[in-house]
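Report on the structure
Below are the chains, spelled out letter by letter.
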Amino acid sequence: MRKRIVQIFSLLMIMLCLCSCSSPGTGNAALLEDTDEVLLPFEADGKWGYINSRGAIVIEPAYAYAGYFSEGLAIFSDGERYGYIDKRNQVVIQPTYDGADTFTNGYAAVCTGDWESGTALWGFIDTTGTEIVKPQFLYAESFTPEGRALIWLSRGEEVVNGFVNTKGEVFVPEDYEVCSRFSDGLALIRRNGLYGYINADYAIVIPPQYDDAGDFGEGLAYAEKDGEKFMIDKTGKPVASVEYAFGTFSDGLASFRKDDLYGYIDRNGKIAIKPRFAWAKDFRNGLAAVQARMEEGGKWGFVNTAGKMVIGAIYDEVEDFRQDYIRVYKYDNSTYYILDRNGKIIHSGHYRVQ
């Protein structure tokens, strides 16, 4: 599920984060110079700041929330609104938004409006804070490398999916349904109950013909037709038969499920990591989050592409890796940990239970 720095929105699965800002008068001074060093957000006594990869405090905790840096900027909050700071701890974009996402491909989704009344709407800004798409969408994902962002719009009593480009031009198809964001240059669509794909010009490049299909990754996608399961390329040509449906390829592997357990297949459709997990996420830079079976405790850890457990399954919740570091949680003592790729603890602290 996708996490957003906003209050819980009934239409979405959004991560709640409330924070306080470091602008003049907060007592959190700007750094003398910018840095290329990795800065990782941490929480202490209800306030957020930043540490480096050695665990040393670089920016003292003074925010109600502080997010990961992405493209040189990080989300912060003054406890009511959200803005962005740079690595000098200077406010670059003032906290004027009711919700915000990280910068991706030059732009960030932001929202304004009241959540409780259902008037919150999403739009986009660039790294200068210039509004490139005014808030108007019920939901908006990040821009993909194709310069398209998946959006939800209200059309009468219906909520429909579409795309917006960086010029603010909105596209909602009339003769098919958008099913997912662009992935590997193509987006999944559905027409008359059958799945196909469009390109970034919204032209159908693989006609709807599949009973089921998945997102492309590394040039391959899952497709099912007339009871047969395939791995297809970006022309729609079957390149291998498969026994089970699978997810999106990354690092040469894709997750699949057999008998309620997850494992991974390779690009030839062969089992590379036997199904032994209660859940398995996509690989990112050589590691994937996996959940142990319930009878084994149901905890989360990480495996490498050889299937070796690199970080033991001892955590109740794990986030995604950011810049080779990850935040993980243990519920019994309300403790979070910041780990490196080897599982070494860089920092630990207690989180607030909302």
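Everything below is about the structure printed above this text.
Analysis parameters
- Residues numbered from 1 in each chain as written.
- Predicted model: local features only at pLDDT ≥ 70, side-chain atom pairs only at ≥ 80, totals over all residues.
- Heavy atoms only, no water.
- Pairing = 2+ DSSP bridges.
- Helix = DSSP H or I, 4+ residues; strand = E, 2+ residues; numbered from the N terminus.
- Axes fitted to C-alpha atoms, helices over the stretch in contact; angles between N-to-C directions.
- Core = buried A, V, L, I, M, F, W, Y, C linked by side-chain atoms within 4.5 Å.
- Buried < 20%, exposed > 50% of the residue type's maximum accessible area, 1.4 Å probe, protein only.
- Salt bridge = Lys/Arg side-chain N within 4 Å of Asp/Glu carboxyl O.
- Contact = heavy atoms within 4.5 Å.
- Lys, Arg positive; Asp, Glu negative; His and termini not counted.
- Phe/Tyr/Trp six-rings, centres within 6.5 Å; stacked < 30°, edge-to-face > 60°.
- Lys NZ or Arg CZ within 6 Å of the ring centre and 35° of its normal.

**Concerning the sheet that holds strand β3 (residues 57–63)**
Taken together, three strands build an open sheet; the order of strands is β1-β2-β3 and the sheet is antiparallel. At either margin of the open sheet sits one strand with a lone partner, and together these are β1 (40–44) and β3. This sheet shows a mean twist of 25° between the axes of neighbouring strands, independent of strand direction. Examined bridge by bridge, β1 and strand β2 (residues 47–51) share five bridges and lie antiparallel to one another. Across the sheet, residue L40 finds its bridge partner in β2, namely I51.

**Description of the nonpolar core**
Counting 16 residues, the largest nonpolar core has W122, F124, F137, A140, I151, L153 and V164 as the members making the most contacts within it. Of all the secondary structure elements, the ones that give two or more residues to this core are β9 (107–112), β10 (121–126), β11 (131–137), β13 (148–155) and β14 (158–165). Top element by residues in this core is β13. It accounts for three residues.

**Some details on unusual backbone geometry**
The phi dihedral of Y202 falls on the positive side, at around 70°, and the residue is not glycine. Within the secondary structure, Y202 is located in the loop between β18 (194–198) and β19 (204–210). The class of Y202 is buried, set by a relative accessible area of 16%. Residues other than glycine seldom take positive phi values, yet D226 does so here, at roughly 50°. Considering the arrangement of structural elements, one finds D226 in the loop between β21 (221–225) and β22 (228–232). Exposure remark for D226: the relative accessible area of 65% places this residue in the exposed category.

**A closer look at the pattern of salt bridges**
Scanning all chains against the criterion turns up 11 salt bridges. The partner of R190 in a salt bridge is E177, and the shortest N-O contact between them spans 2.8 Å. Of this pair, R190 sits in strand β17 (residues 187–191) while E177 sits in strand β16 (residues 177–178); the two residues are 13 residues apart in sequence, bridging distant segments of the chain. The partly exposed category is assigned to R190, whose relative accessible area is 29%. Close ionic contact of D316 with K299 constitutes a salt bridge, the shortest N to O distance being 2.4 Å. In this pair, D316 is assigned in the loop between β30 (309–315) and β31 (317–318) and K299 in the loop between β28 (287–291) and β29 (300–304), connecting sequence segments 17 residues apart. On the accessibility criterion, K299 (28% relative accessible area) is partly exposed.

**Some remarks on the sheet that holds β18**
The strand order across the open sheet built from four strands is β16-β17-β18-β19, with neighbouring strands paired in antiparallel fashion. Each of the sheet's edge strands pairs with one partner strand only, and the pair in question is β16 and β19. Bridge analysis of β18 against β19 gives three bridges, and the strand direction is antiparallel. Directly across from Y195, in β19, lies its bridge partner Y210.

**A word on the pairing of β21**
Of all five residues making up β21, four are buried, and the element is well covered by its neighbours. Of the pairings in the sheet, the one linking strand β20 (residues 212–213) to β21 comprises two bridges and is antiparallel in character. If you follow A213 over to β21, its bridge partner there is A223. Taken together, the five bridges between β21 and β22 define a ladder with antiparallel strand orientation. By the bridge assignment for β22, K225 is matched with E228. Adjacent in sequence and paired antiparallel, β21 and β22 are bridged by two residues, among which D226 carries a positive phi angle near 50°.

**Examining the environment of A223**
When you line up the elements, A223 lands in strand β21. Note on A223: relative accessible area 0%, which makes it buried. Spatially, the C-alpha atoms of A223 and F246 are 9.1 Å apart, while their sequence positions differ by 23 residues. Ignoring sequence-local partners within four residues, the contact set of A223 consists of Y210, D212, A213, E228, K229, F230 and I232.

**Here we look at the side chain of E319**
Checked against the element boundaries, E319 lands in the loop between β31 and β32 (325–330). As a buried residue without a salt bridge, E319 has its nearest oppositely charged side chain in R327, at a separation of 4.1 Å.

**Digging into the packing of aromatic side chains**
Scanning the entire structure with this criterion turns up 19 aromatic pairs. Geometrically, the ring pair formed by F124 and F143 is tilted, given 4.5 Å between the ring centres and 50° between the ring planes. In this pair, F124 is assigned in strand β10 and F143 in the loop between β12 (139–140) and β13, connecting sequence segments 19 residues apart. F124 sits in the buried class, given a relative accessible area of 1%. Counting every residue linked through ring pairs, the aromatic cluster contains F163, F171, F182 and Y202. Above the ring of W300, the side-chain terminus of K281 is found at 5.2 Å from the ring centroid.

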